[in-house]
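Listed below, chain by chain, are the residues.
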Amino acid sequence: MEPDIALTDLGIVNALGDDPGTVWKRLFRDPEPGLKDYPGINDFPPVPTGVVEAALPEVPDRLSAFDCRNNRLARAALDGFESALRGAVESHGPDRVGVVVGTSTSGVGAAEDAVEHWLQEGSLPASFDYRQMEMGGLAEFVRRYLNVTGPAYTVSTSCSSSAKVFASARALLRRDLCDAVVVGGSDSLCGLTLNGFHALQLVSEEPCNPMSRRRDGINIGEGAAFFLMEPGSGPVRLAGVGESSDAHSMNAPDPEGRGAEISMHEALRDAGRTPDKVTYLNLHGTATPHNDAMESKAVDRLCGTEVPCSSTKRFTGHLLGAAGAVEAAFCWLMLRNRSEDGIPLAPHRWDGERDESLPGLTLVGDDERREVPGPAVLMSNSFAFGGHNCSIVLEDAGDV
Amino acid sequence: MFEFDVLGWSAWTPGLPGRDAFGDWVREDDADPDALQGEAEPDPQRVPSRMSRRCSGVTLMGLDAALTCCETSEVDGETVQVVWATQHGEINVTVDLLESLAREELISPTAFSNSVPNTPAAYFTILTDNRNPTRTVCAGAGSFAHGFLDAMGMLEDRPDQPVLLVQADERLSGPLEPFGSEGAMPFGAALILSRGSDPEFRFDTGAETSGGTHQKTTTLPPALRFLRWHLREDQTPLELRGHRRWSWSRA
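Criteria and cut-off values
Residues numbered from 1 in each chain as written. Chains lettered and ligands numbered in written order. Predicted model: local features only at pLDDT ≥ 70, side-chain atom pairs only at ≥ 80, totals over all residues. Heavy atoms only, no water. Helix = DSSP H or I, 4+ residues; strand = E, 2+ residues; numbered from the N terminus. Rg over C-alpha atoms; globule rule 2.2 N^0.38 Å. Buried < 20%, exposed > 50% of the residue type's maximum accessible area, 1.4 Å probe, protein only. Contact = heavy atoms within 4.5 Å. Areas by Shrake-Rupley, 256 points an atom, 1.4 Å probe, with all protein chains shown as cover. Lys, Arg positive; Asp, Glu negative; His and termini not counted. Charge placed at Lys NZ, Arg CZ, Asp CG, Glu CD. Pairing = 2+ DSSP bridges. Salt bridge = Lys/Arg side-chain N within 4 Å of Asp/Glu carboxyl O. Polar contact = N/O pair within 3.5 Å; in protein donor to acceptor, adjacent residues only side chain to side chain. Nonpolar A, V, L, I, M, F, W, Y, C, P; charged D, E, K, R; others polar. 1 Å grid on protein atoms, 1.4 Å probe; cavity = no way out; pocket = protein on both sides within 12 Å on 5 of 7 lines; lining within 4 Å. Points joined across faces, edges and corners; volume = space filled by probe spheres on them. Core = buried A, V, L, I, M, F, W, Y, C linked by side-chain atoms within 4.5 Å. Expected span 1.5 Å × (residues − 1).

## Some thoughts on the overall build of chain B
A count of helical and extended segments in chain B gives eight helices and eight strands. Against the compact-globule benchmark of 18 Å for 251 residues, chain B has a radius of gyration of 18 Å, which places it among compact chains. With the principal axes as the frame, chain B shows a C-alpha extent of 55 × 40 × 35 Å. Buried positions account for 61% of the 251 residues belonging to chain B. Contacts in chain B between residues far apart in sequence, at least 24 positions, make up 74% of those at least 6 positions apart. Taken as a whole, chain B presents about 9800 Å² of accessible surface, with 43% of it coming from carbon and sulfur. Taking the average location of the 21 positive side-chain charges in chain B and that of its 38 negative ones, the two points are 3 Å from each other.

## A closer look at the environment of Ser-100 of chain B
All names here are of chain B. Within the secondary structure layout, Ser-100 lies in helix H4 (residues 91-102). Put simply, Ser-100 and Phe-226 are 126 residues apart on the chain and 38 Å apart in space, counted from C-alpha to C-alpha. With residues up to four places along the chain from it excluded, the contact list for Ser-100 reads Glu-105 and Ile-107.

## Re the pairing of strand E3 (residues 134-138) of chain B
Counted residue by residue, E3 of chain B has five buried out of five residues, so it is predominantly covered. Burial along E3 of chain B is two-sided: Thr-134, Thr-136 and Cys-138 of chain B and Arg-135 and Val-137 of chain B, pointing in opposite directions, are all buried. Pairing analysis gives two bridges linking strand E5 (residues 152-155) of chain A to E3 of chain B, with the strands arranged antiparallel. Bridge pairing in E3 of chain B places Val-155 of chain A opposite Val-137 of chain B. Pairing geometry for strand E2 (residues 81-85) of chain B and E3 of chain B, over four bridges, is parallel. Note that in E3 of chain B the partner of Val-82 of chain B across the bridge is Thr-134 of chain B.

## Some points on the interface of chain B and chain A
Taken together, the contact between chain B and chain A spans 58 residues of the former and 60 residues of the latter. The interface formed by chain B and chain A contains four salt bridges. Salt-bridge contacts for Glu-156 of chain B lead to Arg-175 of chain A; the nearest nitrogen and oxygen are separated by 2.9 Å. Taken together, the links from chain B to chain A amount to 23 residue pairs in polar contact (both at pLDDT 80 or more). Contributions of two or more residues to the side of chain B that touches chain A are made by H4, helix H5 (109-113), helix H6 (119-128), E3, helix H7 (143-157) and strand E6 (201-207) of chain B. Top element by residues in the side of chain B that touches chain A is H4 of chain B. It accounts for seven residues. Classifying every residue of the side of chain B that touches chain A by side-chain character gives 27 nonpolar, 19 polar and twelve charged.

## Re helix H8 (residues 191-199) of chain A
Counted residue by residue, H8 of chain A has eight buried out of nine residues, so it is predominantly covered. Within H8 of chain A, burial applies to Gly-191, Leu-192, Thr-193, Leu-194, Asn-195, Gly-196, Phe-197 and His-198 of chain A. Buried residues along H8 of chain A sit against strand E2 (36-38), strand E3 (47-49) and helix H4 (108-121) of chain A together with H4 and H5 of chain B. In the segment just after H8 of chain A, Gln-201 of chain A is the residue with positive phi, at about 60°.

## Looking at empty space enclosed by the protein
Scanning all chains against the criterion turns up six cavities of 30 Å³ or more. As for the largest cavity, its lining consists of 25 residues, and the residues nearest its centre are Ser-104 and Met-135 of chain A together with Ser-115, Val-116 and Pro-117 of chain B. At the level of secondary structure, the elements contributing two or more residues to the lining of the largest cavity comprise helix H5 (130-133) and H8 of chain A together with H4 and H5 of chain B. For the lining of the largest cavity, the class distribution of residues is 13 nonpolar, ten polar and two charged. Empty space within the second largest cavity amounts to approximately 50 Å³. Lining the second largest cavity, in full, are Met-211, Trp-350, Arg-354, Asp-355, Leu-358, Pro-359, Gly-360, Leu-361 and Leu-363 of chain A. Here the residues of the lining of the second largest cavity are counted per class, giving six nonpolar, one polar and two charged.

## Considering the nonpolar core
Ranked by internal contacts, the top residues of the largest apolar core, which has 95 residues, are Phe-166 of chain A together with Phe-148 and Trp-248 of chain B. For this core, the element with the most residues is helix H12 (residues 323-336) of chain A, which contributes eleven residues. Setting aside its immediate chain neighbours within four residues, Phe-166 of chain A contacts Leu-7, Val-183, Phe-227, Met-229, Leu-238, Val-241, Ala-325, Ala-328 and Ile-392 of chain A.

## A look at H7 of chain B
If you check H7 of chain B, its first and last C-alpha atoms are 21 Å apart, about what 15 residues at 1.5 Å a residue would give, namely 21 Å. The element H7 of chain B is largely enclosed, with a buried count of 13 among its 15 residues.

## Let's talk about the side chain of Arg-237 of chain A
Residues and elements named next belong to chain A. Structurally, Arg-237 can be placed in strand E8 (residues 236-245). At 3.3 Å, the side chain of Arg-237 and the side chain of Asp-4 are in polar contact. Excluding residues within four positions of it along the chain, Arg-237 makes contact with Asp-4, Ile-5, Ala-6, Gly-232, Val-393, Leu-394 and Glu-395.

## Focus on the side chain of Asn-209 of chain A
All names here are of chain A. Within the element layout of this structure, Asn-209 appears in the loop between H8 and strand E7 (223-231). Accessibility expressed as a relative area gives 4% for Asn-209, which makes it buried. Polar contacts involving the side chain of Asn-209 include one to the main-chain amide nitrogen of Asp-351, which spans 2.8 Å. Residue contacts for Asn-209: discarding those within four places in its chain leaves Arg-214, Arg-215, Ala-287, Asp-292, Arg-314, Trp-350 and Asp-351.

Here it is as structure tokens:
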């Protein structure tokens with residue numbers, strides 16, 4: 001029997017705020033999406049974007065080779081639960097604390113500036129180091145920042161990066177290679193993704209409308225979320241992880257959502273739960289025409305249309321490589337805020353224009369709670385370009 | 001500590017462009033690492049042309065190794081779990097895009113969607129109709145070791161399903177050239193790892209106590225060192241050092 005795996009603490013920064021309390025307030029108690037118009041790139045008009053406006057901490061001098069926005073966001077999130085992190089390192093020893101983190105951008109923003117400088121001046125700026133843009137740089141920065149020497153690596157599968165990390169990290173605990181793992185992700189706004197998604201015609205000029213008949217693309221966001229993962233069962237358990245591949249196309253999902261269905265099915269099977277036991281599903285729900293169509297079909301086939309669902313992407317934008325971790329954090333916060341009235345559910349924000357050609361999923365409204373006798377079962381989906389899918393299941397113990 | 005078997009392997013380098021060439025080189029005593037350098041380019045015909053014209057050199061090297069590894073083993077590429085390790089990912093595609101951005105040119109949507117490090121893993125699953133879990137692992141000079149570790153984790157979760165572990169990397173060039181390791185070489189390498197009832201090998205990792213600095217790649221990249229160790233049936237354990245110690249041995 002595998003030991004239980006718990007997510008015992010959280011640090012988070014995104015367009016809703018830079019601590020869990022503020023993020024929770026703007027997600028549930030006083031919902032207020034955090035998108036702001038971001039200056040246009042080249043000739044593109046400004047578009048709503050999940051930019052983090054808070055001042056970010058600097059990177060320590062000893063880690064200047066890793067100085068980039070992505071790592072500053074990571075530091076901001078890590079500092080949010082630094083006493084729990086320090087406690088884990090002190091009680092277990094640095095070589096027993098691992099790091100498994102996801103990103104799709106790493107510090108490519110720093111590389112953009114560096115390449116521009118190189119084209120104009122013929123040299124790189126003195127502040128640039130390749131480790132800022134290297135994908136492995138996020139894990140290495142977190143490892144060095146926390147002064148730990150357990151296994152430390154980055155998983156980089158685009159939009160499912162920081163969901164797959166939960167499976168990787170769990171294996172380290174189950175095999176007793178680590179006593180604690182720092183798991184999560186960080187992604188930062190940069191010209192490459194803003195221009196790239198524009199070039200793919202996947203960016204909406206409005207706040208996004210997941211599941212709407214008017215949906216026309218994503219808002220890009222940035223931010224970071226990290227958990228402390230340890231053996232144990234509380235306060236929130238990582239109950240299951242499922243993964244699959246679409247084997248379909250580089251930049252569109254399987255239109256029937258077969259990979260998405262397998263991903264969710266495997267996560268529930270891993271958690272020992274049947275689909276009717278799902279309390280709430282956090283949709284990948286990017287508001288692209290293709291994703292929402294295939295995801296709603298997959299959810300309908302597996303779970304039916306009764307399970308309460310929402311996409312939270314209008315609140316924060318699509319955090320790409322950090323989406324999995326940030327949306328897991330929303331599920332964690334829902335479970336942590338259980339009251340006598342039940343589990344509070346993150347609302348689905350959109351224009352209300354149902355797409356009648358899709359299965360009619362039950363989309364959560366503002367201020368909804370669900371009474372759940374026993375453990376609540378929350379699932380979160382992350383589906384990536386290239387067809388790399390991942391679903392995770394979080395549960396609480398069932399008491400208030 | 002993990003136990004495992006190796007069900008298949010392959011490699012590709014510009015001087016040893018394929019499994020047979022690499023296998024011949026490995027069998028020589030005192031084989032010269034310079035033989036791995038060369039001018040060959042990976043054969044785009046491994047991949048349907050509508051795909052191959054979009055594939056970078058590092059993707060084609062990795063696909064050659066991955067596909068040949070499956071074809072020369074008894075394991076169907078459709079059935080494996082996949083861990084794709086890479087230090088630099090699609091670095092040349094990315095630098096080209098960054099140059100376009102700097103010149104305020106419109107960037108190519110295809111190049112953008114092929115600039116992510118999971119690009120070759122995605123192509124592999126499309127080519128083999130593989131629906132299984134797939135990960136891409138990046139950990140600097142420790143990318144092979146951590147990819148191997150992730151593969152062991154996948155075998156723990158699904159012991160009946162072998163894992164295809166691939167690494168492909170190209171040299172840093174252009175503005176990034178100063179950051180390249182001395183002697184770094186482009187390569188692709190692939191292994192199929194399994195959990196058997198009587199495994200032949202062990203893999204372990206522990207604290208690095210010698211004040212570890214990152215191992216510079218002045219000889220073979222770790223993935224190719226592993227292949228050489230495995231194919232020459234070297235009885236002494238293979239050890240790599242980074243911020244941790246990694247070792248492979250015969251059970």
